[in-house]
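Next come the chains, spelled out residue by residue.
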Amino acid sequence: MRIPLSSPDITDREIERVCRVLKSGILSLGPCLQEFEEHFAEFVGTRFAVAVNSGTSALHLAVKALGITHGDEVITTSFSFVASTNCFLYEGASPVFVDVDPDTFNIDPRAILHFLVQKCRREGGRTIDIATGRTVKAILPVHVFGMPCDMDAICEIAREFKLFVIEDSCEALGATLCGQKVGTFGDAAAFAFYPNKQMTTGEGGLLVTNDERIASECRSLRNQGRGPNQSWLEHEKLGYNYRLSDIHAALGIAQLERIKQLLECRAQVARSYGEELSNHVGIRIPALADNKSRSWFVYVVQIAAGRVVRDSIIGKLRTNGIGCQTYFPAIHKQSYIRELMDHSQQDLPNTDHAAATCLALPFFTRMTKDEVTQVCWSLGHALEESLVAALVTAA
Ligand SMILES: *Cc1c(COP(=O)(O)O)cnc(C)c1O
């Protein structure tokens, strides 16, 4: 039996919606785009939603709209998908990676505060990185694997140091903190709809904000810098083609209509994994926290024995037709990022440990209990074999 790492959940409802757009002849900038944005803003609880062609584009537009630019710094996490750092590298800003919490894998507010208090000085309302002389402009937390960051602490720090907050919510659609959805805490937030996410538009993303200026700036930037009332070939600024087609938006509308069901199915799969794996020595299952309601993006376990055993398990599972992945290799270890960074910024022990031990297992809405059982059985065997092999090598 082959079990993929992820798989989208597409029903007749989605197919029918997309076909309707194809038959209508209005494939872009039509009614579905606006409808999708309105439904999404309502679901998340923000005033504005601007749909774009990827989560990366949404993050990039948030960075642009907040004026984060060459010579600025952004405090963020290295334990993430590269897009959360690339989005401000595009604008010439630099990352300050701070360490993560070892249980949630999310950026640790204490590490943010430590950097700001110990390594920065205040000057005329700005926060300056003493080592580089650059202005610190923003905090970019990532709700990793759908687990909400500690947004109360992060937003309080941001207020104190006059920093913007951009939430990378691409993995956390529907996750809440004390009942408030992620994506509503910062100045702007990005969501993503690649086929492995909680809902998909094929490719796609979306920026949410309560700030009318940010929303209208992003609407213009995604559409080649056109103003709201300008004709098609008049452009008031340098923009991009980051538009989401109505075909994609239609798929998004249909998925969003089923979002409660999609999220509940994923939570059920996670519960099944938890039941199967909770007594497994050497496998650490994902953390839960009381005031946080997680939205399940992936199911990531930690292999206590470390990188060599973890990588050996991946090889064995894949040989057995079971999809798995190292979520995430640390961003600060990527070759092109290494060239940008100085060594003082490479000391991230919790990030390195997470990157060495994390293992994403097959996880998707329609995964059956039998499939979960089989993955866990194979994982147990692969772990045992890999541990024995590691002992023999060590001896
Ligand atoms: C999926 C994802 C994105 C956006 O990805 P796209 O492929 O550009 O839609 C950004 N950040 C994180 C953490 C993600 O997981």
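Residues numbered from 1 in each chain as written. Predicted model: local features only at pLDDT ≥ 70, side-chain atom pairs only at ≥ 80, totals over all residues. Heavy atoms only, no water.

Asks: Break down the overall build of the protein chain for me, with residues and values.
Replies: Within the protein chain, the secondary structure is distributed over 13 helices and 15 strands. Along the three orthogonal principal directions, the C-alpha set of the protein chain runs to about 70 × 60 × 35 Å. Each of the 395 residues in the protein chain was classed as buried or not, and the buried ones make up 57%. Considering only contacts in the protein chain between residues 6 or more positions apart, those separated by 24 or more positions represent 70%. Surface summary for the protein chain: the accessible area is close to 17200 Å², and the carbon and sulfur share equals 53%. When the 39 basic and 46 acidic side-chain charges of the protein chain are each reduced to a single mean position, those positions are 2 Å apart. (Helix = DSSP H or I, 4+ residues; strand = E, 2+ residues; numbered from the N terminus. Buried < 20%, exposed > 50% of the residue type's maximum accessible area, 1.4 Å probe, protein only. Contact = heavy atoms within 4.5 Å. Areas by Shrake-Rupley, 256 points an atom, 1.4 Å probe, with all protein chains shown as cover. Lys, Arg positive; Asp, Glu negative; His and termini not counted. Charge placed at Lys NZ, Arg CZ, Asp CG, Glu CD.)

Asks: Help me get a handle on the pattern of salt bridges, residues and values and all.
Replies: By the definition in use, this model includes 24 salt bridges. A salt bridge links Asp9 to Arg366; its shortest N-O distance comes to 2.6 Å. Taken together, the residues Asp9 in the segment before helix H1 (12-24) and Arg366 in the loop between strand E15 (358-361) and helix H13 (369-394) connect sequence positions 357 residues apart. Given a relative accessible area of 7%, Asp9 falls into the buried group. (Salt bridge = Lys/Arg side-chain N within 4 Å of Asp/Glu carboxyl O.)

Asks: Just give me the short version of the packing of aromatic side chains, but keep the residues and values in it.
Replies: Each aromatic ring pair is described using two quantities: the centre-to-centre distance and the angle formed by the ring planes. Applying the stated criterion across every chain yields a total of 17 aromatic pairs. Lying over the aromatic face of Phe161, Arg122 brings its terminal NZ or CZ to 4.5 Å of the ring centre. Of note, Arg226 hangs over the ring of Trp232, and the distance from its end group to the ring centre comes to 3.4 Å. (Phe/Tyr/Trp six-rings, centres within 6.5 Å; stacked < 30°, edge-to-face > 60°. Lys NZ or Arg CZ within 6 Å of the ring centre and 35° of its normal.)

Asks: Could you give me a rundown of the nonpolar core, with the residues and numbers involved?
Replies: Ile68, Phe79, Phe145, Ile166, Leu207 and Tyr327 are the most contacted members of the largest nonpolar core, which has 46 residues in total. Looking at this core, the elements that each hand over two or more residues are strand E1 (48-52), helix H3 (55-65), helix H4 (83-89), strand E6 (135-140), strand E10 (188-192), helix H7 (212-222), helix H12 (349-357) and E15. Every residue in contact with Ile68, bar those within four places of it in the chain, is listed here: Val63, Val74, Glu91, Ala93, Lys137, Ala138 and Ile166. The next biggest cluster of nonpolar side chains, apart from the first, holds 28 residues, and it includes Ala267, Ile283, Tyr299 and Ala382. (Core = buried A, V, L, I, M, F, W, Y, C linked by side-chain atoms within 4.5 Å.)

Asks: Provide a residue-level description of the environment of Ala131, including the pertinent values.
Replies: Turning to its location among the elements, Ala131 is positioned in the loop between strand E5 (126-129) and E6. Given the relative accessible area of 75%, Ala131 is considered exposed. In the structure, Ala131 is positioned eleven residues away from Cys120 in sequence and 8.0 Å away in space, judged by C-alpha atoms.

Asks: Residue-level account of the environment of Val63, with values.
Replies: With respect to the secondary-structure elements, Val63 resides in helix H3. Taking the C-alpha atoms as reference points, Val63 and Ala355, separated by 292 residues in sequence, lie 26 Å from one another. Each residue touching Val63, except ones within four places of it in the same chain, is listed here: Ile68, Cys87, Phe88, Glu91 and Ile166.

Asks: Can you break down the packing of helix H10 (residues 307-319) against H13 residue by residue, with the values?
Replies: Two elements in contact, H10 and H13, have axes separated by 9 Å at closest approach and are oriented at 130 degrees. Relative to H13, the element H10 is oriented oblique. Regarding H10 and H13, the two cross each other, and that crossing is right-handed. Where H10 approaches H13, its residues Val309, Ser312, Ile313, Lys316 and Leu317 are matched on the opposing element by Ser378, Leu379, Ala382, Leu383, Glu385, Ser386, Leu387 and Ala390. (Axes fitted to C-alpha atoms, helices over the stretch in contact; angles between N-to-C directions. Parallel < 35°, antiparallel > 145°, perpendicular 65-115°, else oblique. Left-handed = near helix turned anticlockwise from the far one by under 90°.)

Asks: Please set out the environment of His235 residue by residue, giving values where relevant.
Replies: Here His235 shows up in the loop between H7 and helix H8 (246-257). Distance from His235 to Ala175, taken between C-alpha atoms, is 38 Å for residues 60 residues apart in sequence. For His235, the residues in contact, after removing those within four places along its chain, are Gln224, Gly225, Arg226 and Gln230.

Asks: Could you give me a rundown of the site of the ligand, with the residues and numbers involved?
Replies: In the region of the ligand, 14 residues are neighbours, and Gly55, Thr56, Asp168, Glu171 and Lys197 sit closest. For the ligand, an oxygen atom lies 2.4 Å from a polar atom in the side chain of Thr56. In the model, an oxygen atom of the ligand is placed 2.5 Å from a nitrogen or oxygen of the Glu171 side chain. Tallying contributions element by element places H3 first for the shell around the ligand, with three residues. (Near = heavy atom within 4 Å. Polar contact = N/O pair within 3.5 Å; in protein donor to acceptor, adjacent residues only side chain to side chain.)

Asks: I'd love a proper account of the sheet that holds E15, names of residues and values included.
Replies: With antiparallel pairing, three strands are arranged side by side in an open sheet as E12-E14-E15. Pairing within the sheet leaves two strands with one partner each, and these edge strands are strand E12 (283-284) and E15. Bridge count between E12 and strand E14 (residues 299-303): two bridges; the pairing is antiparallel. By the bridge assignment, Arg284 is partnered in E14 with Gln302. Each of E14 and E15 touches H10; the most contacted strand, E15, lies at about 20 degrees to it. (Pairing = 2+ DSSP bridges.)

Asks: I'd like a rundown of the side chain of Ser272, residues and numbers included.
Replies: Examined against the element boundaries, Ser272 turns out to sit in helix H9 (residues 259-277). Assessed through its relative accessible area of 5%, Ser272 is described here as buried. With residues up to four places along the chain from it excluded, the contact list for Ser272 reads Lys369 and Val372.

Asks: Provide a residue-level description of helix H6 (residues 151-160), including the pertinent values.
Replies: Within an α-helix, residues lying three or four positions from one another point in the same direction, as the helix has 3.6 residues per turn. The complete set of buried residues in H6 reads Met151, Ile154, Cys155, Ile157 and Ala158. All buried residues of H6 project into a common sector of 160 degrees when viewed along the axis, lining one side. Across from the buried face of H6, at angles greater than 90 degrees, the exposed residues are Asp152, Glu156 and Arg159. Those residues of H6 hidden inside the fold are in contact with helix H5 (109-118), E6, strand E7 (164-168) and strand E8 (176-177). Downstream of H6 by a residue or two, Lys162 has a phi angle that is positive, lying close to 55 degrees. (Arc of directions from axis to C-beta.)

Remember, this is a structural readout, not a statement about activity or role.
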